[in-house]
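Geometric and topological summary
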Amino acid sequence: MKRRDDVLLVDGYNMIGAWPELAALRDKELEDARDRLLEMLADYQGFTGMTVIVVFDAHQVPGVGSTFKQHRLTVVYTKEKETADACIERLASNLAMRSRNIHVATSDLVEQHVAFGKGALRISARELLIEIKQNRKAIEQRVVDQRNKVRNELDGNLSMDVRMKLEKLRRGKS
């Protein structure tokens, strides 16, 4: 059972490679795939209340790495010579010390085992995608339910006498 103070650490490029929609985008433009992933995870974070941290591997890119907020998500680009796996392991260790449930989303089996050893719960890319799709359906159902409630508000507040008069008008009877 996930709680609002839980944290989800996501191996960004692992999700992009594993999710068909994102893999297709990646083949055209990597930045579009990253942006779509962040949009999907922002919706997931908003629905579940979990804190989502997305880690992108930049170990072959010179620099000190960066961390910033996008769509209310924390996005981390690793520093030079640091893999996403190493960054996720470090974050999992640090966050576990704060008595939070940590979930690590990756399909890398070695990383799953290491994360599990650090006290994190593991979730595969496929499982996370299924959860995101289920959440999307739940959101859509809530929107439909809200629309139906709003649409029928007046009907529930009319007296029987007024309803009968309106029905006569609707049928063209005076």
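What counts, and at which threshold
- Per chain, residues are indexed from 1 in the order of the written sequence.
- The model is predicted, so local features are restricted to residues of pLDDT at least 70 and side-chain atom pairs to those at 80 or more, both for listing and for counting; the totals for chains, interfaces and linings are taken over all residues.
- Computation of side-chain values covers all heavy atoms of the structure but excludes hydrogens and water.
- Working definition: helices are DSSP H or I runs of at least four residues, strands are E runs of at least two. Numbering for both runs from the N terminus.
- Here the term buried applies to any residue with accessible area under 20% of the maximum for its type, exposed to any over 50%, and partly exposed to those in between, with areas from a 1.4 Å probe on protein chains only.
- For this count, His and the chain ends are skipped, Lys and Arg are scored as positive, and Asp and Glu as negative.
- Within this document, salt bridges are pairs made up of a side-chain nitrogen of Lys or Arg and a carboxyl oxygen of Asp or Glu, the two lying within 4 Å of each other.
- Two residues form a contact once any of their heavy atoms are found within 4.5 Å.
- Think of each axis as a best-fit line through the C-alpha atoms, taken over the contacting stretch in the case of a helix, with angles from 0 to 180 degrees between the N-to-C directions.
- Convention used here: angles under 35 degrees read as roughly parallel, angles over 145 as roughly antiparallel, angles from 65 to 115 as roughly perpendicular, and any remaining angle as oblique.
- Think of it as three bins: nonpolar holds Ala, Val, Leu, Ile, Met, Phe, Trp, Tyr, Cys and Pro, charged holds Asp, Glu, Lys and Arg, and polar takes everything else, Gly as well.

Quick look at the side chain of D11
Note that D11 resides in strand β1 (residues 7-11). One buried charged side chain, D11, makes no salt bridge at all; its nearest oppositely charged neighbour is R26, positioned 11 Å away. Other than its neighbours up to four places away in sequence, D11 contacts V55, A84, D85, I88, A105 and T106.

Remarks on the packing of helix α2 (residues 20-28) against helix α3 (residues 30-48)
At a closest axis distance of 6 Å, the pairing of α2 and α3 adopts a crossing angle of 150 degrees. In terms of their interaxial angle, α2 and α3 are classed as roughly antiparallel. Along its contact with α2, which presents E21, L22, L25, R26 and K28, the element α3 presents L30, D32, A33, R36, L37 and M40. Looking at the contact of α2 with α3 residue by residue, the class counts come to 6 nonpolar, no polar and 5 charged.

Don't take any of this as a statement about function, it's just geometry.
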